[in-house]
Amino acid sequence: MRSALFLLALASPLASAQALIHVAANSMLQLAPSAQVLEIERLHIGEHATLMVPASVTEVRVSELLLEPEGRIAIAASQQPFYLHVLQGEIATGAQITARGAPGTELKPAIAGRTLTVRLERVVTQSLLIDVRGGTGSPGFNGLHGANGKPGGCLWGQSLSGADGGDGSDGQTGAAGGKVRIEVPQDFPAEHILTRLEGGSGGRAGEAGQGGAKAMDEGCWIYSAQGAKGGQAGRSGQAGLPGPDGSMDLVRF
């Protein structure tokens, strides 16, 4: 069955297959975004090493996995679900699978933690953290500063007051935590798997714009022209609310 799946991956234009991927200890390796589905015969991630999976990949099937202490599989943020299937292997203490969302920006909203299915068959696990926390909400816009006041002339013209500063806008709500489905055998020690499902924190509040400076008094030859008052500062926005938590579903087969 495993050989049939491997040959199918080679034949499909949306899939690719590799015999061995090795990420050396204390290093990082990013998979090339060449196909949506990736078949790996043997995946070895060293101690404190990270394998980065691009957002375009939606499925990874591993025949044999060795995930050493503090090793990590980091799956890029995306709105597409992701499926990881491991036939056999060993997962050491402190190992992680992360599929966290992305923080929002002034131009793009935050992305939720990825919808993730992890199927572990003949896998020995010391401890595994699955992290699908949502991205931080987009920050609020800062208010514009008010223009400075202008003094009046000694013979003509009226002084102008400083303009009020603009209000800062509110930060946006954080993105939701992801949805995790964990598929394990009946005798698998589920307590060895920990999950982080929290929604992202709210975006920071926009800062208030400063009021324009008052116009200075004009010292004239016969009399002084009184300057106009300064503008008032705007109001700061409100910080965004945290996003809703995700969910975890444990399925035994």
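In this report, we go over the structure that sits alongside the text. (Residues numbered from 1 in each chain as written. Predicted model: local features only at pLDDT ≥ 70, side-chain atom pairs only at ≥ 80, totals over all residues. Heavy atoms only, no water.)

**So, the sheet that holds strand 8 (residues 95-98)**
Pairing in this open sheet of six strands is parallel, and the strands run 2-4-6-8-10-12 from one edge to the other. Strands at the two margins of the open sheet, each flanked by one partner only, are strand 2 (28-30) and strand 12 (193-196). Across this sheet, the average inter-strand angle for adjacent strands is 15°, counted without regard to direction. As paired elements, strand 6 (residues 72-75) and strand 8 share three bridges and run parallel to each other. Directly across from I73, in strand 8, lies its bridge partner I97. (Pairing = 2+ DSSP bridges. Helix = DSSP H or I, 4+ residues; strand = E, 2+ residues; numbered from the N terminus. Axes fitted to C-alpha atoms, helices over the stretch in contact; angles between N-to-C directions.)

**Looking at the pairing of strand 9 (residues 116-125)**
Most of strand 9 sits inside the fold, with seven of its 10 residues counted as buried. In terms of strand pairing, strand 7 (residues 82-91) meets strand 9 through nine bridges, oriented parallel. Counterpart to Y83 in the pairing with strand 9 is T117. Of the strand pairs in this sheet, strand 9 and strand 11 (residues 179-184) are connected by four bridges, and their pairing is parallel. The residue bridging R119 from the neighbouring strand is E183, located in strand 11. (Buried < 20%, exposed > 50% of the residue type's maximum accessible area, 1.4 Å probe, protein only.)

Taken by themselves, the reported measurements are silent on function.
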